[in-house]
Amino acid sequence: MNKMAVRVPFVDLKLQHEPIQMQLQYAIQSVLEQGDFILGQALSDFEAAFAAVSEAAYGVGVASGTDAIALGLQACNIGAGDEVILPANTFIATLIGVIRAGAKPILVDCDRQTALIDLEAAAKAITPQTKAIIPVHLYGQMVSPRELIKFADTYKLLIFEDAAQAHLAQRDGYHAGSVGIAAAFSFYPSKNLGAFGDGGMLLTRNSDVAQKMGRLRNYGASQKYFHTEPGTNSRLDTLQAAILHQKLPYLPQWNRDRLTIAQQYDLELAPLATTGIIPIENQSDTGHVYHLYVIKVDDSCPIERQQLQEKLTAVGIQTGIHYPIPCHLQPAFSNLGYQPGDFPQAEKLSQQILSLPMYPGLSSSQVKEVVAAIAHAVSTTSKVDETSNADLDSVVA
Ligand SMILES: *Cc1c(COP(=O)(O)O)cnc(C)c1O
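Residues numbered from 1 in each chain as written. Predicted model: local features only at pLDDT ≥ 70, side-chain atom pairs only at ≥ 80, totals over all residues. Heavy atoms only, no water.

Undergrad: Would you mind going over the packing of helix H4 (residues 65-75) against helix H5 (residues 92-100) with me for this structure?
TA: When two helices pack together, their arrangement is given by the angle between the helix axes and by the axis-to-axis distance. With their axes 8 Å apart at the nearest point, H4 and H5 run at an angle of 35° to one another. The handedness of the crossing between H4 and H5 is right-handed. Residues Thr 66, Asp 67, Ile 69, Ala 70, Leu 73 and Gln 74 of H4 form the contact with H5, whose participating residues are Ala 93, Thr 94, Ile 96, Gly 97, Val 98 and Arg 100. Counted by class, the contact of H4 with H5 contains six nonpolar, four polar and two charged residues. (Axes fitted to C-alpha atoms, helices over the stretch in contact; angles between N-to-C directions. Helix = DSSP H or I, 4+ residues; strand = E, 2+ residues; numbered from the N terminus. Left-handed = near helix turned anticlockwise from the far one by under 90°. Contact = heavy atoms within 4.5 Å. Nonpolar A, V, L, I, M, F, W, Y, C, P; charged D, E, K, R; others polar.)

Below is the structure:
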């Protein structure tokens, strides 16, 4: 097949930056003039602003979302000797963060409909060593704060949110970042709020946690050249903070755009439910911020996920898979001792999920084009296409 031009990209960041280019350039220029590149004024201003809109008390900017998790857990005094429960189907950084903090990761399965952590499975994983649970607000949908708080109260656990995909998400009257003792955010460029490079932040309601985080990101220094703990160098650049602060006022509108696009996908995909194309369920109404719009290519579908993805690529529609291999089956973590079959829902989802194009500025005609291409692929392909004639004979007979 000829290589086709991309008609619908998976994301397009230019669309959000072009209209505010002058503002962004002005913000960058101001930092250049100020010269306070590390721990500068624009960083503290952005930390305060992002904490405020997320209804948290403190924000501490760091070099990445991964560091926000790893250092954030340490700042909450979660580490050696502690078990931390997290979902098997998350981006690998959640697991890496737990391991870097020195705690023992305990993976659990997810709910097939929402792909979010299964709290019943989590309850079964609790031991006397369990110190915390990390709900991952996957794809932009929060794990129910009401259920989480009940869970954490029952088992006397800390809640540490992985909100890397959930800037300004809401559910049960809570904002992402305000549910637990602390929450980690990422400003990786394609996240709902993205920098011009790497970046992250810990939000917390606890001033001790905020202060310890401030030291950990800055060589463990409580004042210059006086080190109270073995920290590291992980600061959000002043330049990135200035850029993010300029973008922050647009985030609510960008999130609303994402929701509108998701609602159109929901509506137009609904007739395909009978063919086994099932969107991941939104159980949080308008509080879902749709970092990703993900469908399942179910068992009943006449086509496999991989075939569908290839057919879409062939007509210029880019898609993604978040994520193709669950954490427990990654070779790097085989030492944790997990086996295929340990988390059936996460494993099955990893085989069946497909992330469709989703970004502010994706047009309604592009959404229609994506859905039409899926409908066409489903109606013109069957799984027997890729199998042998013998199989075909048995189907015909
Ligand atoms: C992106 C992401 C992270 C890591 O953030 P980085 O800034 O890339 O280090 C952690 N958890 C989840 C769920 C993410 O999507």
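Undergrad: What exactly am I supposed to notice about the UniProt feature "modified residue: N6-(pyridoxal phosphate)lysine" (unreviewed entry) in the protein chain here?
TA: UniProt records the feature "modified residue: N6-(pyridoxal phosphate)lysine" (unreviewed entry) for Lys 191 in the present numbering. Looking at where Lys 191 falls in the secondary structure, it is placed in the loop between strand E8 (182-186) and strand E9 (200-204). The buried category is assigned to Lys 191, whose relative accessible area is 13%. Those residues in contact with Lys 191 that lie beyond four places of it in its chain are Ala 164, His 167, Ser 186, Arg 258 and His 291. (UniProt positions renumbered as here; feature names shortened; annotations may be inferred. Buried < 20%, exposed > 50% of the residue type's maximum accessible area, 1.4 Å probe, protein only.)

Undergrad: Even after reading the chapter, I still don't get the layout of surface pockets, so can you show me in this structure?
TA: To find the voids left in a structure, one rolls a probe of water-molecule size over its atoms. What the largest pocket holds in volume is close to 520 Å³. Lining the largest pocket are 27 residues, and of these Phe 91, Tyr 188, Ser 190, Lys 191 and Tyr 323 lie nearest its centre. If you list the elements that add at least two residues to the lining of the largest pocket, you get H4 and H5. Counting residues per element, the lining of the largest pocket draws most heavily on H4, which supplies three residues. (1 Å grid on protein atoms, 1.4 Å probe; cavity = no way out; pocket = protein on both sides within 12 Å on 5 of 7 lines; lining within 4 Å. Points joined across faces, edges and corners; volume = space filled by probe spheres on them.)

Undergrad: How should the sheet that holds strand E2 (residues 83-87) be read in this particular structure?
TA: Strand pairing within a sheet occurs via backbone hydrogen bonds; the two strands may be parallel or antiparallel. Read across the open sheet, the seven strands follow the order E1-E9-E8-E5-E4-E2-E3; overall the sheet is mixed. The open sheet terminates on both sides in strands that have one partner only, identified here as strand E1 (58-62) and strand E3 (104-108). On average, each strand axis in the sheet is tilted by 25° relative to the strand beside it, whichever way the strands run. Relative to E3, E2 runs parallel, the two sharing five bridges. Paired with Pro 87 across the bridge in E3 is Val 108. (Pairing = 2+ DSSP bridges.)

Undergrad: What is the right way to read the sheet that holds strand E12 (residues 277-279) from this model?
TA: Pairing is antiparallel across the open sheet formed by three strands, whose spatial order is E12-E13-E14. Each having just a single partner strand, E12 and strand E14 (353-356) make up the two edges of the open sheet. Ignoring strand direction, the axes of neighbouring strands in this sheet form an average angle of 35°. Pairing geometry for E12 and strand E13 (residues 293-297), over three bridges, is antiparallel. Of the residues in E13, the one forming a bridge with Ile 278 is Lys 296.

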